[in-house]
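# Observations on chain architecture
In case you want the letters, here they are:
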Amino acid sequence: QQQLSHWLAQKSPSVAVGIVLFSGHAFTLIPPTTDSLLLTHFTDSLVDIRLPTAGNDMAAAVQRSQQLLMSNAGYRRMLILTDGDLETAEQIKVAQLFSENNPEHSKFTHSITSTVIGFGERTPVVVTDFTGKPLQYQGRPVVSGLKDGWLKKMAENSSIEYRHYSQVKSLSLSQLLQIPALQLKSEQQQQVLWNDWFSIPLLAGLFALYLSVFFQIRQLRNTPSGLLS
């Protein structure tokens, strides 16, 4: 939540951001939008959200994110924020989505750049609820630790990269997303240059007009009154 708040605080107005959450199922918290106030509202509410199912269906979240991104035009980037603490069966499901042997692979990887960001540390920590009380499951405390071995292996595929959160936490969203600079066509560049420099010749013309009127008025004032009757 803190990391998303940091990135969204520096978001460019033209960048649309969506958020997908997952537990036993994937849930679209908010589809891609450029509305910064709306994004801030939902990000600030993350700590209070109680997902209705238990589990780690990260594969469903990836698929849902892909579908949302493909329904929007432009430069598409998917950030997967996870501690990687998934059951082996779930790890395999996620890895298959990025496998070159997957027939759906090329449809998405050619249009979407994906980055997995590993959150947490390798030393497990106790997970607490919103009150700070340790969570328990079947009488045992719930612990979470970063399991990035399989994430790094998955990132050996050219369609996805892995980065630890410590490597990206200080970056702006634009730096993280590596959004390419927009290239204007030559005729558009000329239009932009004209719009940028138009005020200079305009001011020069207005100043010249002022001088012309000033000297005409001065000349009339100096003209003998008999010639004006």
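Reading the values: the criteria
- Residues numbered from 1 in each chain as written.
- Predicted model: local features only at pLDDT ≥ 70, side-chain atom pairs only at ≥ 80, totals over all residues.
- Heavy atoms only, no water.
- Salt bridge = Lys/Arg side-chain N within 4 Å of Asp/Glu carboxyl O.
- Helix = DSSP H or I, 4+ residues; strand = E, 2+ residues; numbered from the N terminus.
- Buried < 20%, exposed > 50% of the residue type's maximum accessible area, 1.4 Å probe, protein only.
- pLDDT = per-residue confidence, 0-100.
- Contact = heavy atoms within 4.5 Å.
- Pairing = 2+ DSSP bridges.
- Arc of directions from axis to C-beta.
- Core = buried A, V, L, I, M, F, W, Y, C linked by side-chain atoms within 4.5 Å.

## Things to note about the pattern of salt bridges
Counted according to the given criterion, the structure contains six salt bridges. Lys 93 is the salt-bridge partner of Asp 57, the closest N and O atoms lying 3.4 Å from each other. Taken together, the positions of Asp 57 in the loop between helix H2 (36-44) and helix H3 (58-70) and Lys 93 in helix H4 (residues 88-97) put the pair 36 residues apart, joining distant regions of the chain. The class for Lys 93 is partly exposed, based on a relative accessible area of 35%. Measuring nitrogen to oxygen at the nearest pair gives 3.2 Å for the salt bridge that ties Lys 147 to Asp 85. Placement of the pair is Lys 147 in the loop between strand S8 (143-144) and helix H6 (149-154) and Asp 85 in the loop between strand S3 (76-82) and H4, with a sequence separation of 62 residues. Here Lys 147 falls in the partly exposed class, since its relative accessible area comes to 44%.

## What to know about the confidence of the model for the protein
Per-residue confidence for the protein gives a mean pLDDT of 81; residues scoring 70 or more make up 76%. When the elements of the protein are averaged for pLDDT, helix H9 (residues 186-197) gives the smallest value, 59, and strand S1 (residues 17-22) the largest, 94. Of the regions scoring below 50 in pLDDT, residues 225-229 engages in zero contacts with residues more than four places distant in sequence or in other chains.

## Some thoughts on the pairing of S1
Consecutive side chains along a regular strand alternate between the two faces of the sheet. In this sheet, strand S2 (residues 26-33) lies alongside S1 in antiparallel orientation, the contact comprising five bridges. The residue bridging Ile 19 from the neighbouring strand is Ile 30, located in S2. In this antiparallel pair of consecutive strands, S1 and S2, the connection spans three residues.

## Here we look at helix H1 (residues 2-9)
Of all the positions in H1, only Gln 3, Leu 4, Trp 7 and Leu 8 are classed as buried. Along the axis of H1, the buried residues cluster in a sector spanning 125°; they form a single face. Counted as exposed and oriented over 90 degrees from the buried face of H1: Gln 2 and Ala 9. Packing partners of the buried residues in H1 comprise S1, H2, S3, strand S4 (112-118), helix H7 (165-168) and helix H8 (173-177).

## Some points on the nonpolar core
Counting residues in each nonpolar core, the largest one holds 19 residues, and the members touching the most others are Ile 80, Val 94, Phe 98 and Met 154. For this core, the secondary structure elements donating two or more residues are H3, S3, H4, S4, H6 and strand S9 (160-164). The dominant element in this core, judged by the number of residues it contributes, is H3, at four residues. Residues Leu 39, Leu 46, Val 168 and Leu 177 belong to the second largest nonpolar core, which totals 17 residues.

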